[in-house]
Structure formats: C-alpha cells, structure tokens
Amino acid sequence: MDHMMPEMDGIEATAEIRKLGRKYESLPIIALTANAVQGAKGMFLANGLNDFISKPIDTHELNGILVKWLPREKVELCREADDAEDGETEPTGGEPKSDFLNSLGKIGEVNKEIGLSRVANSEDMYRSMLELFYKNMLPECGKMSEFLRDNNTQGFSILVHAMKSSLSTIGAMKLSQTASELETASKNSELDYCLEVFPDFNEKLVSLHKQLEIVFPSENDTSGKKAGDIDHLRENVQKAIAAADDFDSDAGFEAIHNLLDYDFGEPNNTLLKNAARAFKEFDCVSAAENLKKISL
C-alpha cells in the first residue's frame, strides 16, 4: 500500500475508507506489512483495521486470514489444498521443473528452500514469483539510483522497502538485510550512508539479475523449445479468455502457463507471455486483450 500511495500510509487510507460509510464501515481491511514489532497488531486494530499479517508472507497464514474474513459463500475448500498441507503435493501440470531448481541451486545469493517455503513448496508458484522479480528488478534499480542522485531519501526509502520484501520472499536473505539497513538509513535521512552503501548493493543486484538469465532466458529465445500443437493452443487460450471474462486470474494463468514451454511462433509467444504476466498481476482485461490477438 505504501508503494502505491506514498503520500498516505495504510492507517490513513483505512480512515478514509471508513469515512465512506455504509458497507465500508464493516469492510474487512487486513494490514499487510513488514512492521512486525511487538504491539503492531494492536496498533492496527485500534485504528480501524480488522487483522494483521506480516511479510514475508506465509501462505498457510494467508489462507487462514482469507478463510476468516471472506464471506462464507465465497470460500470453497479443495481437496488439492488439503493434500498439499499433508505433504502429498503434485505438479500443477506437465513435468516437474527440476531443471529450474537445479539451475537456481547454482546461484549463491538465493536460498531456494526459503523461497519455496514462502509458497507452501509450490514450484510453479515460486518460479512465477521469481520470474516477476527478475523482470522488474533492473527498472527498480534504476529508479532507486535516480532517487539518490536527486537526494530524495523519501522516494528511495519506498523503493528499497519494496526491494527488501521481494528479496526476502525469493530467499535472497543477505541482500534483503542490506536493503533493510538502507531503508532504515533513508528513513533517518542519512543520505551519506545510502550513497556509500547503495553502489555495492546495486552491483550485487545486477549480478544476481545476470545469474538469473540462466534460469529465465530471453523472451525471444525459442531455442530448445518444442513446436507447440495448435489445437492445444486453441483449447487453452479459449479457456483462459473465459476465465478472464469471469475475472478469475488463477484459472486464466493455469490454462496457459504450460503453453509457455512451447514455441508457437511470433507474435504468439510474446502475446502468451504478456497474458500470463497480466494474469499474475490480476489484470484480466489486459490478459484477454493479448489472448484475443493470438493467431489460432
């Protein structure tokens, strides 16, 4: 919330929502924050929020929060979820992506066991989360550098806070700790410290991005990919479009994410990647727009 609304924190936003009255007076609002100090939950509850969950997110805790606050008619408990909790996990589709984990294991900065634990050991979810981080990290590094060049410690603090959380989520704990120290310094307007420490931190992020290129090759690189079956493409794209029309991002992503392992030629490959990214960002409108442009 802080990243989206830098001029208003979560407590202030909640106060504004409550002022709208009617259904907004009882609308469940959950604090999602890295501020896990003792007494934080009580502070949020005293200021009109309903519950609290700290980052990095534990998926089991998140599921419990959602079940607690969602309307009962919106909650459907699946057998697959029960099996996952019992340790009887299965791949969500296709062959297990052991090559992904093997490649990731060669990157010293990332602890894949910690990253997997954030998503209940779902390899597909971890891969998707890490890929999104990979695509965004260089632009974010550029923005942080720009803020420091402008002596804007407030703007830098917002971005380095988000970077800290992302690094912790993927399992890059040492880098996350450095980001945390930079966040503290920037909040205290310690510009000299930030200017001294950030260049090395930025260099390590760029190095991490370079290493992740092995895991996530160029979007236009189709070498090693098998030619995709057009009937399989047509069937799953139609399912994904239907899911987008229902604003069901999970079902839409599930329908097409295995298609990314095959070569359907350009521009279909790029349109599929754009649609998958849109689903992961809960943008069903953009996902549908890309899917409808695919040549079937």
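Residues numbered from 1 in each chain as written. Predicted model: local features only at pLDDT ≥ 70, side-chain atom pairs only at ≥ 80, totals over all residues. Heavy atoms only, no water.

Draft legend 1. Region of interest: the overall build of the protein. Summing up its helical and strand segments, the protein has 14 helices and 4 strands in all. Residues counted as buried form 36% of the 296 residues belonging to the protein. In the protein, of all internal contacts separated by at least 6 residues, the share reaching a separation of at least 24 is 58%. With the model as given, the accessible surface of the protein reaches about 17,400 Å², and the carbon-plus-sulfur share is 51%. (Helix = DSSP H or I, 4+ residues; strand = E, 2+ residues; numbered from the N terminus. Buried < 20%, exposed > 50% of the residue type's maximum accessible area, 1.4 Å probe, protein only. Contact = heavy atoms within 4.5 Å. Areas by Shrake-Rupley, 256 points an atom, 1.4 Å probe, with all protein chains shown as cover.)

Draft legend 2. Representation of the pattern of salt bridges within the structure. Evaluated as defined, the whole model comprises 11 salt bridges. Across the pair Lys210 and Glu213 runs a salt bridge, and its minimum N-O distance is 3.6 Å. The residue Asp231 makes a salt bridge to Arg234 at a minimum N-O spacing of 2.8 Å. In this pair, Asp231 and Arg234 are both assigned in helix H11 (residues 230–245), 3 residues apart and thus about one turn of the helix distant. Assessed through its relative accessible area of 47%, Asp231 is described here as partly exposed. (Salt bridge = Lys/Arg side-chain N within 4 Å of Asp/Glu carboxyl O.)

Draft legend 3. Representation of a negative patch on the surface in the model. Judged by side-chain charge, Asp245, Asp246, Asp248, Asp250 and Glu254 come together as a negatively charged surface patch. In this fold, Asp248 is placed in the loop between H11 and helix H12 (249–256). Its relative accessible area of 34% is what places Asp248 among the partly exposed residues. (Patch = residues over 30% accessible without salt bridge, like charges linked within 9 Å, V, L, I, M, F, W, Y side chains within 5 Å. Lys, Arg positive; Asp, Glu negative; His and termini not counted. Charge placed at Lys NZ, Arg CZ, Asp CG, Glu CD.)

Draft legend 4. How the structure looks around the confidence of the model for the protein. Per-residue pLDDT for the protein has a mean of 82; in total, 82% of the residues score no lower than 70. Throughout residues 1–5 the model reports pLDDT below 50, and contacts reaching past four residues in sequence, or to other chains, amount to 11 contacts. Considering only residues more than four positions removed or in separate chains, one finds that residues 79–97, a stretch of pLDDT under 50, has 17 contacts. (pLDDT = per-residue confidence, 0-100.)

Draft legend 5. Looking closely at empty space enclosed by the protein. For the structure on display, the rule yields 1 cavity of 30 Å³ or more. The computed volume of the largest cavity comes to approximately 30 Å³. Taken together, Lys225, Leu259, Leu260, Tyr262, Asn269, Leu272 and Lys273 make up the full set of residues lining the largest cavity. (1 Å grid on protein atoms, 1.4 Å probe; cavity = no way out; pocket = protein on both sides within 12 Å on 5 of 7 lines; lining within 4 Å. Points joined across faces, edges and corners; volume = space filled by probe spheres on them.)

Draft legend 6. Region of the structure containing the side chain of Asn236. If you trace the backbone, Asn236 turns up in helix H11. For Asn236, a relative accessible area of 10% gives the class buried. Setting aside its immediate chain neighbours within four residues, Asn236 contacts Ala255, Ile256 and Leu259.

Draft legend 7. Highlighting the packing of aromatic side chains. Under the counting rule described, the total for this entry stands at 6 aromatic pairs. With centroids separated by 5.6 Å and ring planes inclined at 25 degrees, the aromatic side chains of Phe44 and Phe52 adopt a geometry described as stacked. Residue Phe44 shares its accessibility class with Phe52, and that shared class is buried. With centroids separated by 5.5 Å and ring planes inclined at 85 degrees, the aromatic side chains of Phe156 and Phe198 adopt a geometry described as edge-to-face. Here Phe198 lies in helix H10 (residues 191–212) and Phe156 lies in helix H8 (residues 153–170), a separation of 42 residues in the sequence. Pair check on accessibility: Phe156 and Phe198 agree, each one buried. Each member of the aromatic cluster is reached from another via a ring pair, and the members are Phe100, Tyr126, Tyr134 and Phe216. (Phe/Tyr/Trp six-rings, centres within 6.5 Å; stacked < 30°, edge-to-face > 60°.)

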